[in-house]
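These are the residues of each chain, in order.
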Amino acid sequence: MSLTIRFLGTAASRPTVERNVSALAVVREGETFLFDCGEGTQRQMMRYGVSFNVSDIFFSHFHADHFLGVIGLMRTMGLQGREEPLRLWGPRGAIRMLQRVEHFGAERLGFPLEITDMSPGDAVQRNGYRVVPFAVDHRGASAVGWMLDEDDRLGRFNPDIARSLGIPEGPLWGRIHRGEAVTLADGRTIEASELVGPTRPGRRLVYSGDTRPCIGTLEASRGADVLVHEATFAEEEAARAAETGHSSAREAARLAAEAGVGRLFLTHISARYSRDAGIIEREARTIFPNTTVARDGMEVEIPFTDPA
């Protein structure tokens with residue numbers, strides 16, 4: 001089952017020639033949704049081949065560089081004849097803010113919007129995974145990060161043992177794999193534990209939104225396969241990062257190391273580093289080597305990681 005992310009916007013506050021403002025597309029087994037939707041996101045989707053058949057948009061907060069793009073995106077969806085609902089999720093105040101946004105596109109919208117306020121600890125439950133908001137720290141704003149957390153997978157089924165026990169291929173194998181005990185024609189009862197290993201973890205993706213390093217992000221990220229964390233500034237501007245409610249590259253790397261994540265992708269890069277974002281990456285890698293500064297258009301596949 002595939003799970004990929006596509007960085008549509010990796011700039012902080014304002015676009016540059018190389019970077020658009022915040023948006024991340026997630027594609028899970030053909031289902032597409034967005035984390036944030038900054039100005040120009042729809043053009044980035046066209047540029048990088050992301051489907052407009054988006055089911056959900058999860059907003060981290062409502063500073064302009066994280067949500068203004070939804071106006072144009074909704075208008076385009078309406079012009080294309082969309083009929084399916086578009087679900088919008090955000091922190092406290094989402095309904096009030098996004099209902100205002102809806103009026104800009106209402107003339108040609110033609111499809112229902114479903115807007116939901118979320119609080120840390122709530123969960124959007126889906127088939128095989130959930131999307132959960134967690135508390136972040138961004139200048140007193142009503143803001144959250146988002147975690148995509150997949151269900152545990154079934155353990156590995158051993159077909160060689162099944163054959164040696166004389167269990168015929170077919171429905172019985174499926175029932176055993178799902179954890180059922182089965183009774184064979186000769187009266188023997190076969191327990192699932194004889195053929196199926198322990199459950200295996202699903203994948204976890206964490207998107208920080210805009211934040212200082214904080215306990216909410218740390219706890220959501222523990223053991224995550226991928227952490228997408230903002231790194232607006234290099235360490236030379238650490239004081240500025242604290243003042244504005246953002247993180248430096250080293251701060252994000254320290255959090256990733258403490259959480260034990262698999263990979264760290266840094267985004268929300270200040271325009272002052274538009275010519276050389278390498279300083280951001282170099283500083284982070286001194287603490288967490290498996291760090292990459294994301295760029296617009298970058299696609300990352302998140303594979304399953306089975307226990308040794």
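As the structure is a computational prediction, the values presented were derived from the model and not from experiment. (Residues numbered from 1 in each chain as written. Predicted model: local features only at pLDDT ≥ 70, side-chain atom pairs only at ≥ 80, totals over all residues. Heavy atoms only, no water.)

## Some remarks on the sheet that holds strand 8 (residues 129–135)
Neighbouring strands of a sheet are bound in pairs by backbone hydrogen bonds; such pairs are parallel or else antiparallel.
Phase 1: Spatially, the 7 strands line up as an open sheet ordered 7-8-9-12-13-14-15, and their pairing is mixed. Edge positions in the sheet fall to strand 7 (124–126) and strand 15 (291–293), since each has one partner strand and no second. If you compare each strand with its neighbour and ignore which way they point, the axes differ by 15 degrees on average.
Phase 2: Where strand 8 meets strand 9 (residues 144–150), 7 bridges bridge the pair, whose relative direction is antiparallel. The residue bridging R130 from the neighbouring strand is D149, located in strand 9.
Phase 3: Across the sheet, helix 10 (residues 278–285) is in contact with strand 14 (263–267) and strand 15; its angle to strand 15 comes to roughly 170 degrees. (Pairing = 2+ DSSP bridges. Helix = DSSP H or I, 4+ residues; strand = E, 2+ residues; numbered from the N terminus. Axes fitted to C-alpha atoms, helices over the stretch in contact; angles between N-to-C directions. Contact = heavy atoms within 4.5 Å.)

## Quick look at empty space enclosed by the protein
Phase 1: Per the counting criterion, the structure on display carries 1 cavity of 30 Å³ or more.
Phase 2: Estimated volume of the largest cavity: approximately 70 Å³.
Phase 3: Taken together, 13 residues form the lining of the largest cavity, with G9, S22, A23, Y207 and T267 sitting closest to its centre.
Phase 4: Along the lines of polarity and charge, the residues of the lining of the largest cavity split into 5 nonpolar, 6 polar and 2 charged. (1 Å grid on protein atoms, 1.4 Å probe; cavity = no way out; pocket = protein on both sides within 12 Å on 5 of 7 lines; lining within 4 Å. Points joined across faces, edges and corners; volume = space filled by probe spheres on them. Nonpolar A, V, L, I, M, F, W, Y, C, P; charged D, E, K, R; others polar.)

## Focus: the sheet that holds strand 5 (residues 86–90)
Phase 1: Strand order in this open sheet of 7 strands is 6-5-4-3-2-1-16, and the pairing throughout is mixed. Two strands close off the open sheet at either side, each with one partner strand: strand 6 (113–117) and strand 16 (299–301). Each strand of the sheet is rotated relative to its neighbour by a mean of 20 degrees, with strand direction disregarded.
Phase 2: Where strand 1 (residues 3–9) meets strand 16, 3 bridges bridge the pair, whose relative direction is antiparallel. Its bridge partner lying in strand 16, R6 is registered against E299.
Phase 3: With respect to the sheet, helix 1 (residues 41–48) is in contact with strand 1, strand 2 (23–28), strand 3 (31–37) and strand 4 (54–58), its orientation differing from that of strand 1 by roughly 125 degrees.

Functional significance is not addressed by these values, which are geometric in nature.
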